[in-house]
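So you can see what is in the structure, the chains are spelled out below.
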Amino acid sequence: MKDTFAQKATISEEVINFKTYPYSDPDPVAHITKYYPYYRFDGFTNTPKEQGWKIITLENQYIKVLVAPEIGGKVLGAIDKASGEEFIYFNKVVKFRDIAMRGAWTSGGIEFNFGSIGHAPTTASPVNYLLQENTDGSVSCFVGAPDITSRTEWRVEVRLQPDKSYFETKAIWYNPSNLNTSLYNWMTASVDATDDLEYYFPGTIEIGHGGEVSPWPVNEKGIDVSYYKNNNFGGPKSYHVLGEYAEHFLCYFRDKDFGLGHWSAYDEKPGQKIWIWGLSRQGEIWTDLLTDPGNVQYTEIQTGLLFNQAAEKSAETPYKHLFFNAGSEYKFNELWFPVKEIGGMVKADEYGSLNVEHADGKVKIGFCANQNITDELTVLADGKEIVRKNISLKPTEAFVEMYEVTAEDIQVKIGNIFSYSTKERKERALAKPTEISKDFNWDSTDAIFSAGVGMEKQRNYKGAEEKYSRVLEQNPFHTGALSKMAGLLYRKMEHQKADEYALKALSNDTYNPEANYIFGLISLKLDRKYDALDAFSMAARSMEFRSLAYTQISTIFFADGETSKSLKYANEALDYNQNNINALKLKALDFERVGRQQQRNEVLDKILSIDPLNAFARFEKGEDFAKVLNYEMPHEICLEQAIAYFNLGLKEKAVQILQLNTSNPIVNYWLAFLKGDSEYLEKAIQASPNLVYPSRNETAEVLKWALSKNQNWKTNYYLGLIYWSKGLTDKAKEYFIECNDQPDYFAFYLTRFNLLKADADYNGENDLLKAYELNNNEWRCYMSLSNYYESEQKFTDVLSWAEKGFLKFPNNYVLAFQKAKALLINGRYQESLNVLIKTNILPNEGASAGRVTYRQACVMDAIDKLQKNKSKSAISRINQARQWPENLGVGKPYETDERIEDYLESLYWHKKGNVSIANKLENSIVDFSLNTTEFSSGQYLGAVLLKKNDRMKEAQELLAKWKNNQPENLIAQWSYAKLMEENSKAESILKDILKESGVTLFSPQNRDRAFALVVALSELE
C-alpha cells in the first residue's frame, strides 16, 4: 500500500488467551429441524480454562475494534481510545451457554445472524475470514460462511478508515440457489445494561414477534420504557421500534455522558430492536451465567431487514415475513460509533451525531463528530438566523452550546453536509396501518392462501402445503396455489407430482412467471430441455424472475456446449442484476472455454470484489483457496461447489475440488459417483456415520446410485435422512426399516426411534435397548430409555434408567434432573428434592423445568405431610415451595402465581384453627383468580373457594369464561366438570389429558405445569 495518507488504520491477527467456558458434546442423533443439517451441542460447563482465540484487531487513533473469526466472526468489542469506554459491549470471558438454536452462544459484541430465525447456526463456530489493507488507508476484516440449510452465502466486511471514529459493517447476503428461502437477518449488538442507560430509538410504536402493537416510548401504563431502569416489571422485553422514518439510534449512558451511535440507510435496514433480560432475578441470573465478575449485564441492540422478527402469528398482521428470492442478494452498510457529551440524539450520519433540546425558552445544541469537521454552523429560529460560526472538530470531539430562543422551529445546518429541523420529528411520523382490518375475512380463499405463503416464508413447508391444499379444495384452478404447490413438491423431489400442478397452473395462464419458472426447474429434472428453455424464456418477461431465468437459460446452453449462447444469456442476466454471482461464474467459465483468459480473470476479480471469500473464484484462480476452508465444516463448501460444477457438466473440476477435502463420507460418495471408482465408495461406506447429516437433493441421486452398486445400511440411513428432511417421512421410514438390525452405530437406533415412535406397530423399546447395548457409555441412551418408559407410564423403569445413567455420569446435570423428576413421579419427594438441591443446571434460554419439578416435589411432599398430620414439616415445605433456588437455572420473576401454596397454607391454618389467616389466604386466591388475564389451572382453586363461600354463580362464570375463551382446552373442561361435581366426566377428561400429553402430569413439557398439583389438591377436598 502506498504511503499517501497522513493517517493509517492498522490491522493485525494474534492469538489471545481468554478465560473460556467451552462447549462440547455434539449430538450424534439426527434431528430434523428448520436448521437441519446443523446439529446441536449439549455440553456446557462451569469449569473454565485458558484458551487461545484468534483475534483480529482493527485500530486507528480514535477507536479499536476486535473481531473473533473462530466465534462466528463476531465483533468481539469496540473501544473509544480517548476515554477508554467500550461502545460495544466487550465480554472479558468467553462463556458459552445454551442460548442459540445449536446450543452454544456467548454474549457481547456484534453477532451476525443470517438464515434461520434466532441466533445463527454459525454464531459460535469458526467462519472464513480475510484481512485486507485498502488503498485509501483503511483496513478490512472480511468474515463469512455458507448457511447450509438455505444454501445461501453471507459476508460481512468490518472496515475501519484511518480518520473516522466509526467502523462499518458492510454486508452482502446472496441466494445462489434456485429456490426461495426465508429472509432473516438481524445484526445483534450489545451494550452495558446499567440504570443510567437511555434508548433514543426514533419511532411511535413498538411491535412484538407476533406483530402486537404498543405505543413507544411511553407504554399503555404510562411508563417510559426508553429508560432501561423503568423496565422493572414483567419478564424479558423485545421492542421492535418503528413508525418514524429515521436512520439513526443511540444508546446513551447519562452518568458517563457517553454512548453507542448507529446509522444505516432506511431502505437497507428499517428494523431496529431492543432486547432486555428481565430486571428481576429471572433475567439477572443470566449475568452470572454469561459472564464473570467485572462485567455487568448487557442489553441487545439489533438491526434487521424487516420491522420485526416475525413469529407465526405475525402473518395475521401487516408485519408478514418475506421470501429471500432465488438469485437475489441484499447489501447493507451500517456505521457504529461512540457519542460523547451531547446528551442525546435527534439525527446522525457518517459526519456525526446531533442533539437538539428545546425547552423553557432555551435551546441546547450538541454535535459529536465522526470525522474531521471544519465548517460553518448555522442556527435558525423560525427561519431567522440566530447563530453563524465556524466550528472545527476532530473525530469524537463534541460542540455543545446553549441559546436563548422562543421560536417553535429550530434549524441546524453544518455547511452543506448536515441539516436538521425540529419540524422533522413530526414530519417523519409514518401513516401506514399498524393493524389488519377487522373486516378481513380469515376464511376466504385469499386469506388461506396468504397464510400458506406466510408459512412457506418461514420454512414451515408442511403447514404451507396443507394451506395450499385447502385453497385448491375451494378453487381447484387457483393459479397461485397451484404454482406454490408445484414449488413445494419440487423442493421435496416429487417431480412428477410437481409437474402436474405446474401444468395445471399454466393451463390457466401460459405467461404466469412463477408457474413458468418452477415448470422450467421441473422440466430440467425430467430431462425436457426445450420445455425448460420455453418456460424460462416466459419467466424472463417478469422483472422478478428475469435475471434468474436468464441465468438458468445460460446454464442450459453451457451444459450443451453452446458457449456463445451461454455468454449471451449470462450477460442478459447481468444487465438486470450486476451482482448475480451465478451469472458471473458462467461468464468466467464461458471465457475459459473459448480461451479468453484475460477476460476470464477480470470476471473472477469482479466476483472477488463482490465476495472476497467466494470459493468458486478462489478455486478457479488457484489463489488462497485455504482461506475459504476455515469454516467449521469445510467439506460442505467443497460439496456445494462440486455440485455446481457437476450440474454444468464439469466433472473434472468437481472431482478436483472434492479431493481437497475427503474427510467426510458424503464427499467420497460423490467422488465414487463422479469417477465410477469403487475404492471411494468403499471408503465412504467404511467411514463413521458420526455427525454425518446429508441434506442436498442432488446427494439423494448419488446415494441411490451407490445403493445400486453396493447395498449397505449406511447408504440407506443417509438416504432416509435426506427424505425425512424433505418431509417425505413415509419414504424415509422405508429406508430406515430396511436397515433392520444391521447398523453397529448406536445413534442410528436413537434416530430411528425418533422417526418411528408414533407408529402403532413399531417397537421402540427394542431400538433403544439396542442403542444401549452398542454404547452404554453414551448418556443419551439412558435418557432416551427413561423418557420412553415415562411415555409408557412405566414409572419404576423411568427411575431405574435415570439412576443407572446418573450413576454412570454423576456430573451430567441433565441426568441428575431426570433422576429427580423420576423420583417425584414415583412419590419419593424428599429424595427428589435432595437431588435437586445438589444439582447445578446450566439452562437454555427460557428454561424453567428445574424449578417446576422442585416446586412439584415441595408441594406434593407438603400434601403428604398434611395428610399425615405433620403440620410443622408441611408448613416448612410450603414455604420452601415459594423459593426459587438459582442452582436450578431459573431466577425469580417479578410476578409469581402462588395460589397453590396459598391454598395449601390455608388448609394448614384451618387445621391449626386460625381461621383469620386461612380466610386471608383464601381471599387472596379469589382476588388473583378474578383479576388475572392469564388462564391456568389455578383458576379452579379460585372457583372452589368461591363455591365454598356461596358464590357459585361467580365460580361458574369464572371457569365458563376460561372454557369459552379456550374451547379446546381440556384442563378448562376438567375444571368445570369438577366444580359441577361431574366426577365421572372429569375422570374421563383427565384420561384424555394424559393421553394428549403422552407423559405424566408432572412432566415440565406440559402446557399447564401446575395442573398435576391442582389435581392432587382436588383429591384433598
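Further up the page is the structure itself.
Residue numbering note: each chain is counted from 1, following its sequence as written. Confidence filtering applies because this is a predicted model: local features only for residues at pLDDT of at least 70, side-chain atom pairs given and counted only at 80 or more, and all residues used for totals across whole chains, interfaces and linings. Side-chain numbers come from the whole structure's heavy atoms, not from hydrogens or water.

Novice: Which residues make up the sheet that holds strand β33 (residues 398-404), and what values do they have?
Specialist: In this description, strands pair whenever DSSP reports at least two bridges between them. Put simply, DSSP marks the helices as runs of H or I at least four residues long and the strands as runs of E at least two long, and each gets a number from the N terminus on. An order of β28-β29-β30-β33 is seen for the four strands of this open sheet, with the pairing classed as antiparallel. Each of the sheet's edge strands pairs with one partner strand only, and the pair in question is β28 (347-348) and β33. Looking at chain direction, β28 and strand β29 (residues 352-359) are connected through two bridges and run antiparallel. Bridging from a neighbouring strand, Ala-348 pairs with Ser-353 of β29.

Novice: Can you tell me about the packing of helix α28 (residues 871-881) against helix α29 (residues 899-912), naming the residues and giving the values?
Specialist: The convention used is that axes are lines fitted to C-alpha atoms, helices contributing only their stretch in contact, and that angles between N-to-C directions extend from 0 to 180 degrees. One way to put it is that α28 packs onto α29 with a least axis distance of 10 Å and a crossing angle of 160°. What the angle tells us is that α28 and α29 run roughly antiparallel. Considering how the two elements wind past one another, α28 and α29 form a crossing that is left-handed. When α28 is examined against α29, the residues Ser-871, Ile-875, Ile-878, Asn-879 and Ala-881 are found in contact with a partner set consisting of Glu-901, Leu-904, Glu-905, Tyr-908 and Lys-912. Three classes are used: nonpolar for Ala, Val, Leu, Ile, Met, Phe, Trp, Tyr, Cys and Pro, charged for Asp, Glu, Lys and Arg, and polar for all others, with Gly counted as polar. Looking at side-chain class alone, the contact of α28 with α29 contains five nonpolar, two polar and three charged residues. Angles below 35 degrees are treated as roughly parallel, those above 145 as roughly antiparallel, those between 65 and 115 as roughly perpendicular, and all remaining angles as oblique. Crossing handedness is defined as follows: a turn of the near helix away from the far one that is anticlockwise and smaller than a right angle gives a left-handed crossing, while the clockwise case is right-handed. Contacts between residues were defined by any pair of non-hydrogen atoms, one from each residue, lying within 4.5 Å.

Novice: Before we move on, can you summarise the environment of Leu-526 with the specific residues and values?
Specialist: Tracing the sequence through the fold places Leu-526 in the loop between α7 (513-525) and α8 (529-539). Along the chain, Leu-526 and His-495 lie 31 residues apart, while their C-alpha atoms are 7.4 Å from each other. If sequence neighbours within four positions are ignored, Leu-526 has contacts with His-495, Gln-496 and Asp-499.

Novice: A description of empty space enclosed by the protein should follow, citing residues and the corresponding values.
Specialist: A 1.4 Å probe that fits into a set of points on a 1 Å grid over the protein atoms alone but cannot get out defines a cavity; an open set with protein on both sides within 12 Å along at least five of seven lines defines a pocket, and lining residues are those with an atom within 4 Å of a point. Grid points are joined across faces, edges and corners, and a volume is the space filled by probe spheres set on the points. Evaluation of the coordinates by the stated rule reveals five cavities of 30 Å³ or more. Considering only enclosed or pocket space, the largest cavity measures out at about 130 Å³ in volume. In terms of lining residues, the largest cavity is bounded by 18 residues, among which Ala-246, Lys-269, Pro-270, Gly-271 and Gln-272 are the most central. Looking at the lining of the largest cavity, the elements that each hand over two or more residues are β21 (237-242), β22 (248-253), β23 (258-264) and β24 (271-276). Its residues assigned to classes, the lining of the largest cavity comprises eight nonpolar, seven polar and three charged. There is about 80 Å³ of room inside the second largest cavity.

Novice: Hey, could you go over the pattern of salt bridges for me, with residue numbers and the actual values?
Specialist: What counts as a salt bridge is simple: a side-chain nitrogen of Lys or Arg found within 4 Å of a carboxyl oxygen of Asp or Glu. Taken as a whole and judged by the stated rule, the model has 68 salt bridges. Residues Arg-752 and Asp-767 are paired through a salt bridge, measuring 2.8 Å at the closest nitrogen-oxygen approach. Of this pair, Arg-752 sits in helix α21 (residues 746-756) while Asp-767 sits in helix α22 (residues 764-774), placing them 15 residues apart in sequence. In this pair, the class of Arg-752 matches that of Asp-767, namely buried. Residue Glu-898 is joined to Arg-882 by a salt bridge in which the shortest nitrogen-to-oxygen separation is 2.7 Å. Remark: Arg-882 occurs in the loop between α28 and α29 and Glu-898 occurs in the loop between α28 and α29; sequence separation between them is 16 residues. For the residue pair Glu-898 and Arg-882, the accessibility class agrees, reading buried in each case. One salt-bridge network, held together by shared partners, links Asp-25, Asp-27, Arg-40, Asp-42, Asp-98, Glu-778 and Arg-780. Buried residues are those whose accessible area, probed at 1.4 Å on protein chains only, stays under 20% of the maximum for their type, while exposed residues exceed 50% and partly exposed ones sit between those limits.

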